[in-house]
Protein chains: 2
Amino acid sequence: MMKEGTYHHGDLREALLQQALKDLETTPAHELSVRDIAQRIGVSKAAPYRHFPTRLDFLAAICQKGFGSFLVALKSVPAHPKGPAKTLRSIAAAYIDFAWRNPWLYRLLFSAEGLQLASESTKTTGKECFRVLEEAAKEAQMAGWRSNDDPAWLASALWAHVHGVAMLRLEGLLASPQGRGDTYWEDLAGAMVEI
Amino acid sequence: MMKEGTYHHGDLREALLQQALKDLETTPAHELSVRDIAQRIGVSKAAPYRHFPTRLDFLAAICQKGFGSFLVALKSVPAHPKGPAKTLRSIAAAYIDFAWRNPWLYRLLFSAEGLQLASESTKTTGKECFRVLEEAAKEAQMAGWRSNDDPAWLASALWAHVHGVAMLRLEGLLASPQGRGDTYWEDLAGAMVEI
DNA sequence: GATAGATGTTGGCTTTGCCAACATTGCTGG
DNA sequence: CCAGCAATGTTGGCAAAGCCAACATCTATC
């Protein structure tokens, strides 16, 4: 009644996550259907529940992967030759770019739904993302930028700023960069970082 | 089979919206059930569909109301005696306070789901909310704050910043104001507005 | 006051999350 | 080596929810 050797998938958990990640490129998280994903992978509707007790756990696992990619993206920004402040701007630009290229994933990462069942390890990765910003900000401060502000506080403000730009851009609420150069988003992100 | 005179509700549309708004005080938008709201109002499960073609239209109508309240909240901030820059900070603080007091509503207002079917009038109200910020920023600029920046651009950056603070705070991602005074959030919101 | 349109009701279809009972398979200890 | 057990999949089914169709009731208008 089935193809031979297909009863057990091999690595269904990974396949499910991979498919979900692919779907998230074009589909909002709340439209993800566990059943549907399972069927398309070629497995029965209830199979996913052997790997994720609940839909929310599934989303949490997706977030785990997502924060991983996010961290890689942020960490792979090279130091800017013109100094730490410029590097900070580059990181902010990379942040916004990641959100733009992964619109539904990014929204999920910072949604109540995605965060609700976040594991310790996921939270840690998330914090590491923040720390990339924080470290870059600290360097910039040592180079003279807003050196009087409390570093932790400034990093929070910066994070919020960049997150806000990313989000509003995703919702199409920010004026488009007409006439502005291709550093428009970086400039916006860097509105706190005048150079 | 029914109480007399109750076949027609009178103003079901309004009642549904009101109930939804109340639910949103404690419940995420994606957990709102049209059926459930209808039942609790004492009307049949399908009745709402006489007023809203689809669930998304219902959410859009909620957003209409929501943006109205938001605009009122922003507009009711009095001018600060110490000048336009301080007024700008007050507005930013009011913005964040509104989001904090209406967590699920605020999220809905700026979510893809809520914005998807937004009517022209809703969009207009939304833009008016932005204009409150924009005007206040312009005043502050005329008083000397970042007077070299393009006003429209600066207003966008400011909006993004405040939105980001509001959002991250809602998700519990910003360090709590330990030791800081009760102007913590205003200070964070005002990280772009040094005085 | 008849009648059309607006507003509600009931029943039902489909999708989806999730559970229970059963099937198959790979691993592991005797 | 293989018996049996844990892991993993399958099928059937329940309940909740969005939404539709067919029908009921009310209200406003000519």
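About the criteria used
Residues numbered from 1 in each chain as written. Chains lettered and ligands numbered in written order. Predicted model: local features only at pLDDT ≥ 70, side-chain atom pairs only at ≥ 80, totals over all residues. Heavy atoms only, no water. Helix = DSSP H or I, 4+ residues; strand = E, 2+ residues; numbered from the N terminus. Buried < 20%, exposed > 50% of the residue type's maximum accessible area, 1.4 Å probe, protein only. Contact = heavy atoms within 4.5 Å. Areas by Shrake-Rupley, 256 points an atom, 1.4 Å probe, with all protein chains shown as cover. Least-squares fit on C-alpha atoms with pLDDT ≥ 70 in both. Near = heavy atom within 4 Å. Polar contact = N/O pair within 3.5 Å; in protein donor to acceptor, adjacent residues only side chain to side chain. Expected span 1.5 Å × (residues − 1). Nonpolar A, V, L, I, M, F, W, Y, C, P; charged D, E, K, R; others polar. Arc of directions from axis to C-beta. Salt bridge = Lys/Arg side-chain N within 4 Å of Asp/Glu carboxyl O.

Peer 1: Explain the overall build of chain A to me, please; I cannot follow it from the model alone.
Peer 2: Counting its regular elements, chain A contains nine helices and zero strands. With the principal axes as the frame, chain A shows a C-alpha extent of 70 × 35 × 30 Å. Relative to its full complement of 195 residues, chain A shows a buried share of 51%. Across chain A, the fraction of contacts at a sequence separation of at least 24, relative to all contacts at a separation of at least 6, is 71%. Put simply, chain A shows about 9,800 Å² of open surface, and 51% of that area lies on carbon and sulfur atoms.

Peer 1: Sorry if this is basic, but what is going on with the relation of the copies chain A and chain B here?
Peer 2: Two copies of the chain are present, and they differ by a rotation about an axis and a shift along that axis. In screw terms, the move from chain A to chain B is a rotation of 180° and a rise of 0.0 Å along the axis, fitting with an RMSD of 0.0 Å. Expressed as a symmetry operation, the mapping of one chain copy onto the other fits a two-fold axis. Both copies present the same face, since 100% of the interface residues in chain A are matched by interface residues at the equivalent positions in chain B.

Peer 1: Before we go on, may I ask you to explain the environment of His51 of chain A in this structure?
Peer 2: Residue and element names in this part refer to chain A. The topology assignment puts His51 in the loop between helix H2 (34-41) and helix H3 (55-75). It is 9.7 Å that separates the C-alpha atoms of His51 and Glu14, two residues lying 37 residues apart in sequence. If sequence neighbours within four positions are ignored, His51 has contacts with Leu12 and Arg13.

Peer 1: Explanation requested: the protein's contact with DNA strand D in the structure shown.
Peer 2: Near DNA strand D you find 24 residues, and of these Ser44, Arg50 and His51 of chain A together with Arg35 and Thr54 of chain B are the closest. Per the 4 Å cut-off to the protein, sugar and phosphate atoms form 49% of the nearby atoms of DNA strand D. Note that a phosphate oxygen of DNA strand D is positioned 2.7 Å from one of the side-chain N or O atoms of His51 of chain A. In the environment of DNA strand D, a phosphate oxygen lies 3.4 Å from a nitrogen or oxygen atom belonging to the side chain of Tyr49 of chain B.

Peer 1: I tried to follow the environment of Gly68 of chain B on my own but got confused; where do I start?
Peer 2: With respect to the helices and strands, the residue Gly68 of chain B is situated in helix H3 (residues 55-75). By relative accessible area, Gly68 of chain B is classed as partly exposed at 26%.

Peer 1: Teacher, can you tell me more about helix H4 (residues 84-101) of chain A here?
Peer 2: An α-helical segment advances 3.6 residues per turn. Residues three or four places apart therefore align on the same side. In this model, H4 of chain A (18 residues) spans 25 Å end to end at C-alpha, consistent with the 26 Å of a helix rising 1.5 Å per residue. For H4 of chain A, the full list of buried residues reads Ala85, Thr87, Leu88, Arg89, Ser90, Ile91, Ala92, Ala94, Tyr95, Ile96, Phe98 and Ala99 of chain A.

Peer 1: Even after reading the chapter, I still don't get the protein's contact with DNA strand C, so can you show me in this structure?
Peer 2: Every one of the 24 residues lining DNA strand C counts as a neighbour, but Arg35, Thr54 and Arg55 of chain A together with Ser44 and Arg50 of chain B are closest to it. Protein-proximal atoms of DNA strand C, defined as those within 4 Å of the protein, fall in sugar or phosphate at a share of 48%. Contact distances for DNA strand C include 3.2 Å between a phosphate oxygen and a backbone N or O atom of Val34 of chain A. A distance of 2.7 Å separates a phosphate oxygen of DNA strand C from a polar side-chain atom of His51 of chain B. Here the residues of the surface near DNA strand C are counted per class, giving 10 nonpolar, eight polar and six charged.

Peer 1: What should I look at first to understand helix H2 (residues 34-41) of chain B in this one?
Peer 2: All names here are of chain B. Along H2, the residues that are buried comprise Val34, Ile37 and Ala38. Buried residues along H2 cover an arc of 100° about the axis, so they all sit on one side. At its buried positions, H2 is contacted by helix H1 (12-23) and H3. The positive-phi residue at the C-terminal boundary of H2 is Gly42, with phi of around 100°.

Peer 1: For this particular structure, what's the right way to read the pattern of salt bridges?
Peer 2: Pairing between side chains of opposite charge can happen when their charged atoms approach one another. Residue and element names in this part refer to chain B. Per the stated rule, a full pass over the model turns up 22 salt bridges over all chains. Of the charged contacts in the structure, one is a salt bridge between Glu128 and Lys75, with a shortest N-O distance of 3.5 Å. Taken together, the residues span a long stretch of sequence, with Glu128 in helix H7 (residues 120-142) and Lys75 in helix H3 at a distance of 53 residues. Measuring nitrogen to oxygen at the nearest pair gives 2.4 Å for the salt bridge that ties Arg107 to Glu171. Here Glu171 lies in the loop between helix H8 (151-170) and helix H9 (184-189) and Arg107 lies in helix H5 (residues 103-109), a separation of 64 residues in the sequence. For the residue pair Arg107 and Glu171, the accessibility class agrees, reading buried in each case.

Peer 1: Help me out: how do you make sense of the interface of chain A and chain B in this one?
Peer 2: The parts lose accessible area when they come together, and the size of an interface is often stated as this lost area. Contacts between the two partners involve 31 residues from chain A and, on the opposite side, 31 residues from chain B. Connecting chain A to chain B are zero salt bridges. Here chain A is connected to chain B by one residue pair in polar contact (both at pLDDT 80 or more). Listing elements by their share of the side of chain A that touches chain B, those giving two or more residues are helix H5 (103-109), helix H6 (112-116), helix H8 (151-170) and helix H9 (184-189) of chain A.

Peer 1: What should I look at first to understand the side chain of Ser111 of chain B in this one?
Peer 2: Position of Ser111 of chain B relative to the elements: it lies in the loop between H5 and helix H6 (112-116). For Ser111 of chain B, a relative accessible area of 18% puts it in the buried group.

Peer 1: Explain unusual backbone geometry to me, please; I cannot follow it from the model alone.
Peer 2: Note on backbone geometry: most residues besides glycine have negative phi, and most peptide bonds are trans. Residue and element names in this part refer to chain A. The phi dihedral of Arg146 falls on the positive side, at around 45°, and the residue is not glycine. Its place among the elements puts Arg146 in the loop between helix H7 (120-142) and H8. The exposure class of Arg146 is buried, given its relative accessible area of 13%.

Distances and angles like these do not, on their own, reveal function.
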